Amino acid sequence: MKLSIDPAELSLSEAAAAVRDGRLSSVALTEACLARIDAHAKGLNAFISVEREAVLEAARIADAERAAGRLRGPLHGVPLAHKDMYYRKGHISTCGSKILRNYVPDITATVLARLEAAGALYLGGLNMSEFAAGPTGHNEHYGNCRNPWNRDHITGGSSSGSGAATAARLAYGAMGSDTGGSVRLPAALCGVVGLKPTAGRISRFGAMPRSWSNDTMGPLARTALDCALMTGVIAGEDPNDPTALSVPVGDYAAAVARGIEGLRIGIPNGYFADGVSDEVANVLAEAARTLEAAGAVLVDIAVPDLKEVYRLGDVVSKSEAAAYHGKWIRSRPQDYGHHTRTRTEAGFHIPATHYIDALRHRGRHTTNFLAAVLSDIDVLLAPVIPMPTPTIEEMAFDTAAGVPELVSKMTSFTRPMNYLGLPSLSVPAGFGPGKLPISFQVIGRPFDEETLFAVGGAYQRATEWHEIAPKL
Amino acid sequence: MAKEVSAELMRRQAEELQGFTLEDGRDRELAAEVAVFVETVQEAAFALDDDDEPGNFPRALIAGMRRAEEA
């Protein structure tokens, strides 16, 4: 393990090992994160709340437990922060909104309960797109989240603070949520690893819904191993969420180390290749060569047009979001940001039969995609977004023309996987214009997160992109 | 080309079916949003069979866990 003057520079897995072995205290990790939060969180607009005294007290308890020979789990004493939509009983969860600015839930999200049981500490609630509606990181109520690599650019969203805080070393990892790309986009644009799990892999209980059918809960952290550790803790069935399926949970940390010799990686043509900028295409091509050098077999795959899949997924998300927000849009429309309301309100104008038909199509499309694309390969390598990271100004809904088209373009490679239910891991793979990160995603078969982590681990052993920190 | 959806339809749906009023211009914005996907859904309906139902999705996920030759 590298020696670092600043413990905040350690990865989550390194920090957890340091606490476990007694080389660093949980208090030292926590104070390091808090110092960086003090210095940088405001400029990035990454946090909505910081629980300074509570997390320091939790760190002192973690250190005392360790001194007494008791470790809670693989994340003992490691401070994390989470998208401010994971409910904690008795604590405010704003969901990035004005409407829930003072909302105090009476339940705790299964994901947070499992992280806490594994020893993780809670630093605070992270900024996000209002009600998780929007892929850019704009927020009219708490300020736009800013990309740590260049503050004029978007972080991606809706888990904007999760991407920014993790990349800026303000927290060792963070939970996000992904309904149309909301983990993968901020992970990709901020240069960290992010997992969108298989539908049904991780409990959604106690997390604010955007779309019950398309929502998935996923971690963001600096390395594939970090994400694997978090996933191993939070995955699995949950009696509080009947959609969390009873499928065995893999040893994801072990998968990171297992190598990819002989693994068949699909290189797409057609969808995932058409309309991709040269900068992004070059990074993807270089990543493919790196994975081939690590032992993978590259296979050209024609990917069919996923426009229908994208739109059916959008119909489902908009219909369900409108249902969830119905009472507030009727009674408090002025309390929504403009773009949040527009994206949500459209759902009121989708006939129920269209919504149901979109759900009826889902199993068929998933089966067809698996047969057409993943029957002869283990994973598909694809861009996360087709273009370099836009600026905040370019994506400002109220001032810039063509933003809805840009939003659709940004999510064109992510939203289809939510509707199809397939897992995808976003991994940083280089830099584009303005030294902003460019990432790839690996898309796998249902519940095969292990293979995604194997690819991420092999790639990060061969490259150093994940070691480079933004200069703040 | 997106199918045309009228702002008038949006306004009347909001007022008569949903129970709220749209501000000036909002009906046109919503019509543009809905127009993007309405044709796709209308056409997709023809591809459905009698046994296509929402419950097929989790079945498809479970069935798709392994590549065909491993199953």
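Residues numbered from 1 in each chain as written. Chains lettered and ligands numbered in written order. Predicted model: local features only at pLDDT ≥ 70, side-chain atom pairs only at ≥ 80, totals over all residues. Heavy atoms only, no water.

> Looking at this structure, I do not really get the overall build of chain B. What am I missing?
The helix and strand tally for chain B stands at three helices and zero strands. Rg of the C-alpha trace for chain B: 19 Å, well past the compact-globule value of 11 Å for 71 residues, more than 25% over. By the burial criterion, 37% of the 71 residues in chain B qualify as buried. Here chain B displays about 4500 Å² of accessible surface, and carbon together with sulfur accounts for 50% of that area. Side-chain charges in chain B split into 8 positive and 18 negative, and the spacing between the mean points of these groups amounts to 3 Å. (Helix = DSSP H or I, 4+ residues; strand = E, 2+ residues; numbered from the N terminus. Rg over C-alpha atoms; globule rule 2.2 N^0.38 Å. Buried < 20%, exposed > 50% of the residue type's maximum accessible area, 1.4 Å probe, protein only. Areas by Shrake-Rupley, 256 points an atom, 1.4 Å probe, with all protein chains shown as cover. Lys, Arg positive; Asp, Glu negative; His and termini not counted. Charge placed at Lys NZ, Arg CZ, Asp CG, Glu CD.)

> Where do I start with the packing of helix α11 (residues 338–345) of chain A against helix α2 (residues 26–44) of chain B in this structure?
The description of two helices packed together rests on the angle between their axes and the distance between the axes. α2(B) packs onto α11(A) with a crossing angle of 55° between their chain directions and a minimal axis gap of 9 Å. The angle between α11(A) and α2(B) places the two elements in the oblique class. Viewed along their axes, α11(A) and α2(B) form a crossing whose handedness is right-handed. Facing α11(A), whose interface residues are A:H338, A:R341, A:T342, A:R343 and A:E345, α2(B) presents B:R26, B:E29, B:L30 and B:E33. (Axes fitted to C-alpha atoms, helices over the stretch in contact; angles between N-to-C directions. Parallel < 35°, antiparallel > 145°, perpendicular 65-115°, else oblique. Left-handed = near helix turned anticlockwise from the far one by under 90°. Contact = heavy atoms within 4.5 Å.)

> Is there a simple way to explain the interface of chain A and chain B in this structure?
When the parts come together, some accessible area is lost, and that loss is often what is quoted as the size of the interface. Taken together, the contact pairs 45 residues of chain A with 37 residues of chain B. Of the roughly 3700 Å² buried at the junction of chain A and chain B (both faces included), carbon and sulfur atoms supply 60%. Among the residues of chain A in contact with chain B, A:H349, A:R360 and A:R364 are the three that bury the most area, contributing 20% of the side total. Seen at the junction of chain A and chain B, the total is five salt bridges. Across the salt bridge formed by B:E23 and A:R341, the nearest N and O atoms sit 2.9 Å from each other. Connecting chain A to chain B are 17 residue pairs in polar contact (both at pLDDT 80 or more). (Buried area = accessible area lost by both parts, 1.4 Å probe. Salt bridge = Lys/Arg side-chain N within 4 Å of Asp/Glu carboxyl O. Polar contact = N/O pair within 3.5 Å; in protein donor to acceptor, adjacent residues only side chain to side chain.)

> I would appreciate a short explanation of helix α10 (residues 307–331) of chain A in the present structure.
Because each turn of an α-helix spans 3.6 residues, side chains separated by three or four positions in sequence point in the same direction. Residue and element names in this part refer to chain A. Here α10 is 25 residues long and its end C-alpha atoms lie 35 Å apart, about the 36 Å a rise of 1.5 Å per residue gives. A bend of about 65° at H325 is the largest found in α10. Of all 25 residues making up α10, 18 are buried, and the element is well covered by its neighbours. (Expected span 1.5 Å × (residues − 1). Bend = angle between axes of the 7 residues up to and from the residue.)

> Help me out: how do you make sense of the pairing of strand β11 (residues 437–444) of chain A in this one?
Consecutive residues of a regular strand have side chains that alternate between opposite faces of the sheet. Residues and elements named next belong to chain A. Extensive coverage of β11 is indicated by the burial of eight of its eight residues. Inspection of the sheet shows strand β10 (residues 424–431) paired to β11 by seven bridges, in the antiparallel sense. Paired with S426 across the strands is Q441, a residue of β11. Hairpin connection from β10 to β11: five residues lie between these consecutive antiparallel strands, with G434 at a positive phi of about 75°. (Pairing = 2+ DSSP bridges.)

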